[in-house]
Amino acid sequence: MSTVVETHDHGHHGPAKGLSRWLFTTNHKDIGTLYLWFSFIMLFIGGAMAMVIRAELFQPGLQIVQPEFFNQMTTNHGLIMVFGVIMPAFVGLANWMLPMQIGAPDMALPRLNNLSFWLLPMAFGILLSTLFMPEGGPNFGWTFYAPLSTTYAPNTVNFFIFSVHVMGVSSILGSINIITTIFNMRAPGMTLMKMPLFVWSWLITAYLLIAVMPVLAGVVTMMLMDINFGTSFFNAAGGGDPVLFQHVFWFFGHPEVYIMILPAFGIVSHIIETFSRKPIFGYSSMVYAMASIAILSFVVWAHHMFTVGMPLAGELFFMYSTMLIAIPTGVKVFNWVATMFRGSITFETPMLFSIAFVALFTIGGFSGLMLAIVPADFQYHDTYFVVAHFHYVLVPGALFGIIAGAYYWLPKWTGNMYDETLGKLHFWLTFISVNVTFFPMHFVGLAGMPRRYPDYALQFADFNALISVGAFMFGLTQLLFLFIVIKTIRAGKQAEPEVWEGAGELGLEWTLSSPPPYHSFTIQPQVK
Amino acid sequence: MVMPVMFSSLVFSEDSDYNMKVGVTEVSQSIFELHMLIFWICVGIGVIVFSIMFWSLFKYRKSKGAVAADFDDNFWLEIGWTVAATLVLVWMAVPSTQVMVKAYDDAEGEINILITGHQWKWHYKYLEDEVGFFSNLATSQEQINGEVPKGEFYLREVDEPLVIPTNTRIRFLITGNDVIHSWWVPDFAVKQDAIPGFINTAWTNVPEPGIFRGACTELCGIKHAFMPVVVRAVEREEFDAFIATKVALAEEERMLTSKVWTKEELMERGEGFYATNCSACHQINGKGIPPVFPALDGSQIAMFDSKKHIEILMEGVQGSAMAAFGDSYSEVDIASVITYTRQAWSNGENGDGVIVTPQDIVAYKNRIDL
């Protein structure tokens, strides 16, 4: 089966048959596949909610849904996209690729791996079930500020809290597994500074997750106590502090933002070097930049809270610390451009998505820099300008990174090449619609439209209609992606082990057959 | 700073549909200039980076026979662009700090106004004169539902705007009654969260008369989009006259408490109060939106338990959206709306029909105070 790695004839080491293969699997590829499909399904569920939001906002007035349901849609759209799509997709890619990139047979803790995946469908089953309960699901925004999410929340908030706890456990277990694997199972000769950048990005991300997921668990537990056991952490009437909620939430929330982008940095770095046929420029500065971003992410949280009434010194501190993040982020962009410079560049679908990633993520970075400027943020805060900013870093940022990675590694995973023509069509439709959707949001935001509004004043009508058209187009286009993925799994031109010209030099995963053997490396490769 | 200011005055009109409002105050104008400065710096960086990137993509195409070079690091280049990025950030940080120091000033104003966010309306209280009022959305539900054409100021109009004098330092003290709201007037560049248990401050000094429209910018529940802010800036004389009227009205209101009210008078007043303050949740037909907003029509409390009815109006219902109205409204308003809801719909026929008078509310307050 494999051309490079010697395989032994262990008949019982193949996958089990039927449903039990997926329920009881401890194989990193099977679990990676489960994570990726889970994330794909959640993308369509969260996407459908976005379509409801955009349909209602197509025109001023209330036409399709009432505000109470609209608020449930915005809340669940955010929660699902953050915790159900971006994070599981990255974990799925980590499961598939980390053992193959470091020359290991599997993840270090395979049973834990199975548990951390199967917790997720449970968590999201609980969350989504609240939408069918009489009081409706969570309706207080994905940031669930108290006291709207405590004293004034529907009773189903308890399901939401439990669901967040379960997601947190899943993330922490997954991170422990990833750190253990990276530290203990690298091929001989692969020192830390020889690790592929995707491995580096996940090592850093996993530490961020372990650091902040308990903080999220803490804040929802405080909510649980306030709601059910008469404490007053966030209840001013009982001597509590509603602003404390925001500090604790964003102490989790800001590192969380980087959790959702760092693995994409790793993926895009690999793709750009592959299709520029030139090793990544400034490898060590890329590693230091990611580490700096991760460390800085712990001291910038209150830039989400410039209007809560902090002292002047606090406002200025968080402005300066936030601006500092632009330095390592800028360095990464410069390094990607320098990798392309004097390369030998081709434009396969993964490369197209990665180029768009660099350009559009940088635009998201610029609006982020603008938002860091405290006095200007008084005008931007909680308007569509913010919505434009975080969608630019999360959709053409994180999601493009994931899609690029999927195209890049699909031939390796399935042994079949995807349809390049359809892939390019998917790229161009996605690229156009993502900008039609999110670019005008900058304008309506600056002109004064607040976020989380089910209805708006008449001067915002034209841009909102345009945004909705873009959003419908973006949503429909992703069905094409689903089609391409299924088509590639079923058939396609046989992929070489190397898949991409010259990739064999760039990473161990390309020395394995396509598709790779069930236990990736049964004999450790040597890294020089 | 010259270039952005020049550009901004050339390209953007005051009421742009696609850019930040210049506003009318000194602070809002310096924030606008700062915004344009940062914007143009970002555009400049973008042009440089993207030009190099797209030029490289074009020039080093494999299809045109480009062969990859084999360099992959350059220490001084890395140091160089790190230092360059740092310098650009310092260039941005200096004016930002200056504008921030100017905008941030919590010294007392000549006029101090307490702004309280409620679900879903604003309450304004002039602290020097001890008068206050609620400001509710004036756009009709029919316009929102699309049954009649939408007016020019759809969702940006209120029954009673906040009135402030021009050329006067005004300090806003901002707090919340239930959940967190946020009070925003783009023309003043004032946006402050209204947080229960906290009093935040902001200030402005408006040089010219006008009507300035803003919004609530922190998600505060179902009617978050339906509690606009409208501020009317007037000359000092007009403002003094406005306050004098308000003071006289408040005095009249206090007199009303001791007056003997007939059922009809209470009903009439209560119906108006109900339409403005209660119907958003409990609906004009009293049917509510169960289970979140209970029906009043046919409610056991509204039909048979006037004591409990008073208590709910005065204290609110813990853990629900029902706010305490006791501190915000006069005894007459509370008594009349209770009387109205005990008589309206089918409640009058099926219930005890007890009439609650302002004196009953006074008695309740005295009992509580003991």
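Residues numbered from 1 in each chain as written. Chains lettered and ligands numbered in written order. Predicted model: local features only at pLDDT ≥ 70, side-chain atom pairs only at ≥ 80, totals over all residues. Heavy atoms only, no water.

S.K.: How should I be thinking about a nonpolar patch on the surface in this particular structure?
M.R.: On the surface, Phe183, Leu192, Met193, Tyr207 and Tyr288 of chain A cluster together into a nonpolar patch covering about 490 Å² of accessible area. Looking at where Phe183 of chain A falls in the secondary structure, it is placed in helix H5 (residues 157–184). (Patch = residues over 30% accessible without salt bridge, like charges linked within 9 Å, V, L, I, M, F, W, Y side chains within 5 Å. Areas by Shrake-Rupley, 256 points an atom, 1.4 Å probe, with all protein chains shown as cover. Salt bridge = Lys/Arg side-chain N within 4 Å of Asp/Glu carboxyl O. Helix = DSSP H or I, 4+ residues; strand = E, 2+ residues; numbered from the N terminus.)

S.K.: I would appreciate a short explanation of the interface of chain A and chain B in the present structure.
M.R.: One widely used convention gives an interface's size as the accessible area the parts lose upon coming together. Listed per partner, the contact involves 95 residues of chain A and 88 residues of chain B. Across the chain A to chain B interface the summed buried area is about 7,800 Å²; carbon plus sulfur atoms make up 70%. Its largest share of buried area at the contact with chain B, chain A owes to Tyr152, Phe281 and Gln379 of chain A, together 9% of the area lost on that side. Put simply, chain A and chain B have one salt bridge between them. Counting across the interface, chain A meets chain B through 22 residue pairs in polar contact (both at pLDDT 80 or more). Elements that contribute at least two residues to the side of chain A that touches chain B include exactly helix H3 (67–102), helix H7 (242–259), helix H9 (283–296), helix H10 (312–340), helix H11 (349–372), helix H12 (374–380) and helix H14 (420–446) of chain A. Top element by residues in the side of chain A that touches chain B is H10 of chain A. It accounts for 15 residues. The residue inventory of the side of chain A that touches chain B, partitioned by class, reads 59 nonpolar, 23 polar and 13 charged. (Contact = heavy atoms within 4.5 Å. Buried area = accessible area lost by both parts, 1.4 Å probe. Polar contact = N/O pair within 3.5 Å; in protein donor to acceptor, adjacent residues only side chain to side chain. Nonpolar A, V, L, I, M, F, W, Y, C, P; charged D, E, K, R; others polar.)

S.K.: It is not clear to me how the packing of helix H2 (residues 28–57) of chain A against helix H15 (residues 461–490) of chain A should be interpreted in this structure. Could you clarify?
M.R.: Residue and element names in this part refer to chain A. Here H2 crosses H15 at 160°, and the two axes come no closer than 9 Å. For the element pair H2 / H15, the angle class is roughly antiparallel. For the pair H2 and H15, the crossing hand works out as left-handed. Across the contact of H2 with H15, the residue classes tally to 15 nonpolar, four polar and one charged. (Axes fitted to C-alpha atoms, helices over the stretch in contact; angles between N-to-C directions. Parallel < 35°, antiparallel > 145°, perpendicular 65-115°, else oblique. Left-handed = near helix turned anticlockwise from the far one by under 90°.)

S.K.: Explain unusual backbone geometry to me, please; I cannot follow it from the model alone.
M.R.: Excluding glycine, residues mostly have negative phi values, and the peptide bonds linking residues are mostly trans. The linkage connecting Ser514 of chain A with the following residue, Pro515 of chain A, adopts the cis geometry, with an omega of -5°. Tracing the backbone shows Pro515 of chain A in the segment after H15. Trp120 of chain B follows Gln119 of chain B through a cis peptide bond whose omega is -5°. Of note, the phi angle at Leu155 of chain B is positive, near 65°, even though the residue is not glycine. Mapped onto the fold, Leu155 of chain B is located in the loop between helix H4 (141–145) and strand S4 (162–165). For Leu155 of chain B, a relative accessible area of 6% gives the class buried. (Buried < 20%, exposed > 50% of the residue type's maximum accessible area, 1.4 Å probe, protein only.)

S.K.: Explain the nonpolar core to me, please; I cannot follow it from the model alone.
M.R.: Soluble globular proteins: nonpolar side chains tend toward being buried together. Counting residues in hydrophobic clusters, the biggest one holds 272 residues, and the most contacted among them are Phe83 of chain A together with Trp183 of chain B. If one sorts the elements of this core by residue count, helix H13 (residues 384–414) of chain A sits on top with 21 residues. Structurally, this core is a two-domain feature, drawing no fewer than three residues from each of domain 1 (2–103) and domain 2 (111–253) of chain B. Trp183 of chain B has contacts with Ile115, Trp122, Tyr124, Leu162, Phe172, Ile174, Val190, Lys191, Gln192, Ala215, Val229 and Val231 of chain B, leaving out every residue within four places of it along the chain. (Core = buried A, V, L, I, M, F, W, Y, C linked by side-chain atoms within 4.5 Å. Domains from an automatic or database assignment.)

S.K.: Just checking my understanding: could you explain the packing of helix H8 (residues 262–276) of chain A against H13 of chain A for this structure?
M.R.: Two quantities define a packed helix pair, namely the angle between the helix axes and the distance between the axes. All names here are of chain A. Axis separation between H8 and H13 bottoms out at 9 Å; the angle between their running directions is 50°. Taken together, the axes of H8 and H13 are oblique relative to one another. Of the two possible hands of crossing, H8 and H13 adopt the one that is left-handed. Side by side, H8 and H13 meet where Ala264, Ile267, Val268, His270, Ile271, Thr274 and Phe275 of the first sit next to Ala398, Gly401, Ala404, Gly405, Tyr408 and Trp409 of the second.

S.K.: Explain the pattern of salt bridges to me, please; I cannot follow it from the model alone.
M.R.: Between side chains of opposite charge, a pair can form when the charged atoms approach closely. Per the counting criterion, the structure on display carries 19 salt bridges over all chains. In this structure, the salt-bridge partner of Arg451 of chain A is Asp382 of chain A, at a minimum N-O distance of 3.4 Å. Taken as a pair, Arg451 of chain A in the loop between H14 and H15 and Asp382 of chain A in the loop between H12 and H13 lie far apart in primary sequence, 69 residues in all. As far as the burial class goes, Arg451 of chain A and Asp382 of chain A line up, both buried. A salt bridge links Asp297 of chain B to Lys287 of chain B, with the nearest nitrogen and oxygen atoms 2.9 Å apart. Placement of the pair is Asp297 of chain B in the loop between helix H7 (279–282) and helix H8 (300–304) and Lys287 of chain B in the loop between H7 and H8, with a sequence separation of ten residues. Among the residues examined, Asp297 of chain B registers a relative accessible area of 15% and is labelled buried. For Lys287 of chain B, a relative accessible area of 46% translates into the label partly exposed.

S.K.: Explanation requested: the domain arrangement of chain B in the structure shown.
M.R.: Residue and element names in this part refer to chain B. Split into domains, chain B comes out as domain 1 (2–103), domain 2 (111–253) and domain 3 (259–369). Using only C-alpha atoms to locate each centre, domain 2 and domain 3 end up separated by 26 Å. With eleven residues of domain 2 at the interface, the matching set in domain 3 holds 14 residues. Counting each side, the surface lost to burial between domain 2 and domain 3 is near 830 Å², with a carbon and sulfur contribution of 53%. On the domain 2 side of the interface with domain 3, the three residues burying the most area are Lys121, Phe134 and Glu253, jointly 44% of the side's total. Taken together, domain 2 and domain 3 are joined by one salt bridge. Put simply, Arg269 and Glu253 hold a salt bridge, and the shortest N to O gap is 2.6 Å. Across the side of domain 2 that touches domain 3, the residue classes break down as three nonpolar, four polar and four charged.

S.K.: When you look at a negative patch on the surface in this model, what are you seeing that I'm missing?
M.R.: All names here are of chain B. Judged by side-chain charge, Glu108, Glu128, Asp129 and Glu130 come together as a negatively charged surface patch. Inspection of the secondary structure assignment puts Glu128 in the loop between strand S2 (121–126) and strand S3 (131–135). Given a relative accessible area of 43%, Glu128 falls into the partly exposed group. (Lys, Arg positive; Asp, Glu negative; His and termini not counted. Charge placed at Lys NZ, Arg CZ, Asp CG, Glu CD.)

S.K.: Just to check I follow, could you spell out the environment of Ser279 of chain B for this structure?
M.R.: All names here are of chain B. By the element assignment, Ser279 lies in helix H7. The buried category is assigned to Ser279, whose relative accessible area is 17%. Excluding residues within four positions of it along the chain, Ser279 makes contact with Tyr274 and Ile284.

S.K.: How should the sheet that holds strand S8 (residues 200–204) of chain B be read in this particular structure?
M.R.: The strands that make up a sheet pair up through hydrogen bonds in the backbone, lying either parallel or antiparallel. All names here are of chain B. The strand order across the open sheet formed by five strands is S3-S2-S1-S5-S8, and the pairing between neighbours is mixed. Edge positions in the sheet fall to S3 and S8, since each of these pairs with one other strand and no more. Averaged over all pairs of adjacent strands, the angle between their axes in this sheet comes to 25°, without regard to strand direction. Both strand S5 (residues 170–176) and S8 contribute to a ladder of five bridges, which runs antiparallel. What sits directly across from Leu173, in S8, is Thr201. Contacts between helix H5 (residues 236–258) and the sheet are confined to strand S1 (111–118), S2 and S3, with S3 contributing the most and set at about 95° to the helix. (Pairing = 2+ DSSP bridges.)

S.K.: I keep staring at the confidence of the model for chain B and nothing clicks. Help me out?
M.R.: Atomic detail in the predicted coordinates should be set aside for any region of low pLDDT. On average, chain B scores 89 in pLDDT, and the residues at 70 or more come to 95%. Prediction confidence for the complex, expressed as pTM and ipTM, is 0.91 and 0.92 respectively. (pLDDT = per-residue confidence, 0-100.)

S.K.: Looking at this model, I keep getting lost on the side chain of Thr414 of chain A. Mind explaining?
M.R.: Residue and element names in this part refer to chain A. Mapping Thr414 onto the fold places it in helix H13. Within the structure, Thr414 has its side chain in polar contact with the backbone nitrogen of Asn416 (distance 3.0 Å). Sequence-distant contacts of Thr414, that is, excluding residues within four places in its chain, are made with Thr488, Ile489 and Pro515.

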